[in-house]
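Given next are the chains, with one letter for each unit.
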Amino acid sequence: MAALHDKFGRAITDLRISVTDRCNYKCVYCRTGNEGALYGDLPFSDYLRMARVLVGMGITKVRLTGGEPLLRNGVVDFVRGLAQVESREPLDIALTTNGHLLADLAQPLKDAGLSRVTVSMDAVDPDRFTRITRVPGGFDHVLAGIRAAKRAGLGPVKVNGVLLRGFNEGQIIPFGMFAREEGVVLRFIEFMPLEEDRTWSPSTVVTLDEILARMAEYLPLVEIPRGASETARRYRFEDGIGEIGIIAPVSHPFCGHCSRIRITSDGKIRTCLFSVWDHDLHAQMRRGASDEELAEFIRGVVQKKEERHHIGEADFVHASRTMVHIGG
Ligand code: SAM
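The paragraphs below set out a description of the structure included in this document. Treat the numbers as computed from the prediction; the structure is a model and nothing was measured.

**Brief notes about the packing of aromatic side chains**
Item 1. Tallied over the full model, the rule gives nine aromatic pairs.
Item 2. Geometrically, the ring pair formed by Phe 44 and Tyr 47 is edge-to-face, given 6.1 Å between the ring centres and 65° between the ring planes. Of this pair, Phe 44 and Tyr 47 both sit in helix 1 (residues 44-56), three residues apart, which is roughly one turn of the helix.
Item 3. Residue classification places Phe 44 among the buried residues on the basis of a relative accessible area of 13%.
Item 4. Residue classification places Tyr 47 among the buried residues on the basis of a relative accessible area of 0%.
Item 5. Judged by centre distance (5.9 Å) and plane angle (70°), the ring pair of Phe 274 and Phe 316 falls under edge-to-face. Note that Phe 274 is positioned in the loop between strand 11 (268-270) and strand 12 (279-280) and Phe 316 in the loop between helix 9 (291-302) and helix 10 (323-326), a separation of 42 residues in sequence.

Here you go:
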């Protein structure tokens, strides 16, 4: 099958599959605090078939996400199934998790074929962490999860932090210290308007420039050259110990290099986080489409991939789903 390109010439090589839109955390910048999933999820065998077709079309990286992917029983077997998908080059299988359940699952996931893990953690101070996640006692679980992932060889373990003005921007330097002490790669992500509560405004975003300036007060940083499709701008501390990265979709958009496509937990394709509609791949499967027909459908959908997002512009329209129901 021919490799996937959109109409702007971008190669689509990176697939994210949300395996549930349930989450055991209620992070203030993401969820309202309500329980439960809005859209539900599918049997793993359905995601596996979708992944198999997409890998045949040139996908080289698959990231599992959610909701919280580790809430689903059978996720280890799903990773094993993905690792057995025939692909031209070894498939890079990654996972984004809040880490709460990772300590016991890190080694089984590694054994099943997971390559890497990213753990979301928005504060290195336990009290502040609880204020953000709204789940008491989570911090120790997450720290144990990060350490277990390192021991299992799921590295380099990345830690994602979203900074919210007035909430946790005081954590920038403590995060830098944490990255150095724990030997993890830090990734700050600028807050995007994808939250359920609609609290986003440009002034809530702690930008790349601010993060760099603050971190440089702690220790000098040296920029690391990055590949064209890498979303993070990367820096190492001048003494060589520790790396941080900043993913800056708001202040420094990178849509021109976007290589991503997403499948939601209910089997819809999203071509952009900020899409205002989905494309129902699972409906094609339900009506009995062959793999070739699924590939044809996917090729048509990819042609509709948006050129860029419009965050902060007068014509910005909210996405049709929020982050937890897309799969970040
Ligand atoms: N539950 C998993 C986790 O916590 O990593 C996976 C899903 S979560 C939606 C994926 C990532 O999206 C997390 O790193 C989270 O911080 C990030 N995220 C959620 N809402 C966001 C927003 N409005 N702007 C930027 N990042 C966001």
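The rest of the description comes next.
**Here we look at the site of the ligand**
Item 1. Near the ligand there are 18 residues, and of these Tyr 29, Gly 67, Glu 68, Ser 120 and Met 192 occur at the shortest range.
Item 2. Contact distances for the ligand include 2.8 Å between a nitrogen atom and a backbone N or O atom of Gly 67.
Item 3. Contacts to the ligand include Glu 68, whose side-chain N or O atom sits 3.0 Å from a nitrogen atom.
Item 4. Protein chains bury 95% of the 550 Å² of accessible surface belonging to the ligand in isolation.
Item 5. Looking at the shell around the ligand, the elements with two or more residues in it are strand 3 (92-97) and strand 5 (158-162).
Item 6. For the shell around the ligand, the residue count by class is seven nonpolar, nine polar and two charged.

**Observations concerning unusual backbone geometry**
Item 1. In the segment running from Gly 155 into Pro 156, the intervening peptide bond is cis, with an omega of -5°.
Item 2. Here Arg 134, not a glycine, exhibits a phi torsion of approximately 60°, which is positive.
Item 3. By the element assignment, Arg 134 lies in the loop between helix 4 (126-133) and helix 5 (138-152).
Item 4. The backbone phi angle of Arg 198 is positive, close to 55°, even though this residue is not glycine.
Item 5. The topology assignment puts Arg 198 in the loop between strand 6 (185-189) and helix 7 (208-218).
Item 6. When its relative accessible area of 53% is taken as the criterion, Arg 198 is described as exposed.

**Here's the deal with the pattern of salt bridges**
Item 1. Following the criterion strictly, the structure yields 21 salt bridges and no others.
Item 2. Note that Asp 92 is salt-bridged to Arg 116, the shortest N-O span being 2.6 Å. Placement of Asp 92 in strand 3 and of Arg 116 in strand 4 (residues 116-120) is noted, with a sequence separation of 24 residues between them. Taken as a pair, Asp 92 and Arg 116 share a single burial class, namely buried.

The rules we used
- Residues numbered from 1 in each chain as written.
- Predicted model: local features only at pLDDT ≥ 70, side-chain atom pairs only at ≥ 80, totals over all residues.
- Heavy atoms only, no water.
- Phe/Tyr/Trp six-rings, centres within 6.5 Å; stacked < 30°, edge-to-face > 60°.
- Helix = DSSP H or I, 4+ residues; strand = E, 2+ residues; numbered from the N terminus.
- Buried < 20%, exposed > 50% of the residue type's maximum accessible area, 1.4 Å probe, protein only.
- Near = heavy atom within 4 Å.
- Polar contact = N/O pair within 3.5 Å; in protein donor to acceptor, adjacent residues only side chain to side chain.
- Areas by Shrake-Rupley, 256 points an atom, 1.4 Å probe, with all protein chains shown as cover.
- Nonpolar A, V, L, I, M, F, W, Y, C, P; charged D, E, K, R; others polar.
- Salt bridge = Lys/Arg side-chain N within 4 Å of Asp/Glu carboxyl O.

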